[in-house]
Amino acid sequence: MKDPAVDEVAALLRDASRVLFITGAGISADSGMPTYRGVGGLYEDTETAHGLPIEVVLSGAQFASDPAVTWNYLLEIERACRGVAPNAGHRFIADLEREKPGTWVLTQNVDGLHRTAGSRNLVEIHGRVTDLYCVQCDYRETVRDYSHLAGLPRCPDCGGLVRPDVVLFGELLPEAAVTTLYRELDRGFDLVFSVGTSSLFPYISEPMLRARMAGKPTVEINPVETEVSDLADHVLRMGAAEALTRIRDSDHFCS
């Protein structure tokens, strides 16, 4: 069925050279990925078995004081997500990058699904859960999943504590990712999408604000209203994979 709102966004995307997709948990949820907060979340409206909010057990402070507690939930969340594959939304964005090399992704997700789908112009601002490193030596490893890990993982080289290369609550963002993000933002984008994210963090909402101030079109794809809804020129109230698939299939994108 024809949707004028989708067709309008599809035409904007067809004519844009530099495009930024800001993605959050919503796009991964369409792959069956549970989130620890929100609809379908593992810990929605509840505390963890340790009697603490998930934001506490997955914090840098908690990891520093009792890493076994943090690892308990890292392992649990990874088990729930194991085997999840990129969906049509991830694949469309990756395909678009091959057609339009000025396409970039800023993602909050640590699942690596954009990379698996083929995206390379990628800012994984919160890191990637499959990248592990030792806190005491130079040991690093990229793993397929955590099936070989149990309890409190230790470095095979020095016996030090191993952790995923992700940003826990309260930790600083990775310098290299921030540098890449602001380099590309300074170059400017013709079109900015906010896809499946509530945009609670300033560095996630800032690209939408920058585009709006520069007079560039902005699009929000989300079933519910968010912090950046007022900054969006075009709003598609639907799931990420559905919206991106409908944009891809629109005559206004293909023509």
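Conventions adopted
- Residues numbered from 1 in each chain as written.
- Predicted model: local features only at pLDDT ≥ 70, side-chain atom pairs only at ≥ 80, totals over all residues.
- Heavy atoms only, no water.
- Salt bridge = Lys/Arg side-chain N within 4 Å of Asp/Glu carboxyl O.
- Helix = DSSP H or I, 4+ residues; strand = E, 2+ residues; numbered from the N terminus.
- Buried < 20%, exposed > 50% of the residue type's maximum accessible area, 1.4 Å probe, protein only.
- Pairing = 2+ DSSP bridges.
- 1 Å grid on protein atoms, 1.4 Å probe; cavity = no way out; pocket = protein on both sides within 12 Å on 5 of 7 lines; lining within 4 Å.
- Points joined across faces, edges and corners; volume = space filled by probe spheres on them.
- Nonpolar A, V, L, I, M, F, W, Y, C, P; charged D, E, K, R; others polar.
- pLDDT = per-residue confidence, 0-100.
- Contact = heavy atoms within 4.5 Å.
- Polar contact = N/O pair within 3.5 Å; in protein donor to acceptor, adjacent residues only side chain to side chain.

Comments concerning the pattern of salt bridges
For the coordinates displayed, the defined rule picks out 19 salt bridges. In this structure, the salt-bridge partner of Arg 18 is Glu 184, at a minimum N-O distance of 3.0 Å. Remark: Glu 184 occurs in helix α8 (residues 175–187) and Arg 18 occurs in strand β1 (residues 18–23); sequence separation between them is 166 residues. A relative accessible area of 13% means that Arg 18 is categorised as buried. Its salt-bridge partner being Asp 249, residue Arg 248 comes within 2.9 Å of it at the nearest N-O pair. A single salt-bridge network, built from bridges that share partners, covers Arg 18, Arg 183, Glu 184 and Arg 187.

Side note on the pairing of strand β8 (residues 218–221)
Residues of β8 alternate between two faces, with Thr 218 and Glu 220 on one and Val 219 and Ile 221 on the opposite face, all of them buried. Here strand β7 (residues 191–195) pairs with β8 via four bridges, running parallel. If you follow Phe 193 over to β8, its bridge partner there is Val 219. Where β8 lies against strand β9 (residues 234–236), three bridges are found, and the strand directions are parallel. Within β9, the residue paired with Glu 220 across the bridge is Val 235.

Quick notes on empty space enclosed by the protein
Counted by the stated rule, this structure contains one cavity of 30 Å³ or more. Within this model, the largest cavity holds a volume of roughly 30 Å³. If you trace the largest cavity, you find it lined by Leu 20, Trp 104, Val 123, Leu 181, Glu 184, Leu 185 and Phe 189. For the lining of the largest cavity, the element with the highest residue contribution is α8, accounting for three residues. Broken down by class, the residue content of the lining of the largest cavity amounts to six nonpolar, no polar and one charged.

Considerations on the confidence of the model for the protein
The predicted model of the protein has a mean per-residue pLDDT of 92, with 94% of residues at 70 or higher. This stretch, residues 38–42, has a pLDDT under 50; its non-local contacts, to residues over four places away or in other chains, come to 11 contacts.

Observations regarding the layout of surface pockets
When its volume is computed, the second largest pocket comes out at roughly 330 Å³. The wall of the second largest pocket is formed by 20 residues, among which Glu 124, Gly 127, Asp 165, Pro 174 and Ala 177 lie closest to the centre. Counting only elements with at least two residues in the lining of the second largest pocket, the list comes to β3 (122–124), β4 (127–134), β6 (162–166) and α8. The leading source of residues in the lining of the second largest pocket is β4, at four residues. Of the residues contributing to the lining of the second largest pocket, the split by class is 10 nonpolar, three polar and seven charged.

Here we look at the side chain of Asn 87
Along the chain, Asn 87 falls in the loop between α5 (67–81) and α6 (88–99). A relative accessible area of 8% means that Asn 87 is categorised as buried. At 2.7 Å, the side chain of Asn 87 and the backbone nitrogen of Gly 89 are in polar contact. Contact partners of Asn 87, with chain neighbours within four places excluded, come to Ile 27, Asp 30, Ser 31 and Ala 241.

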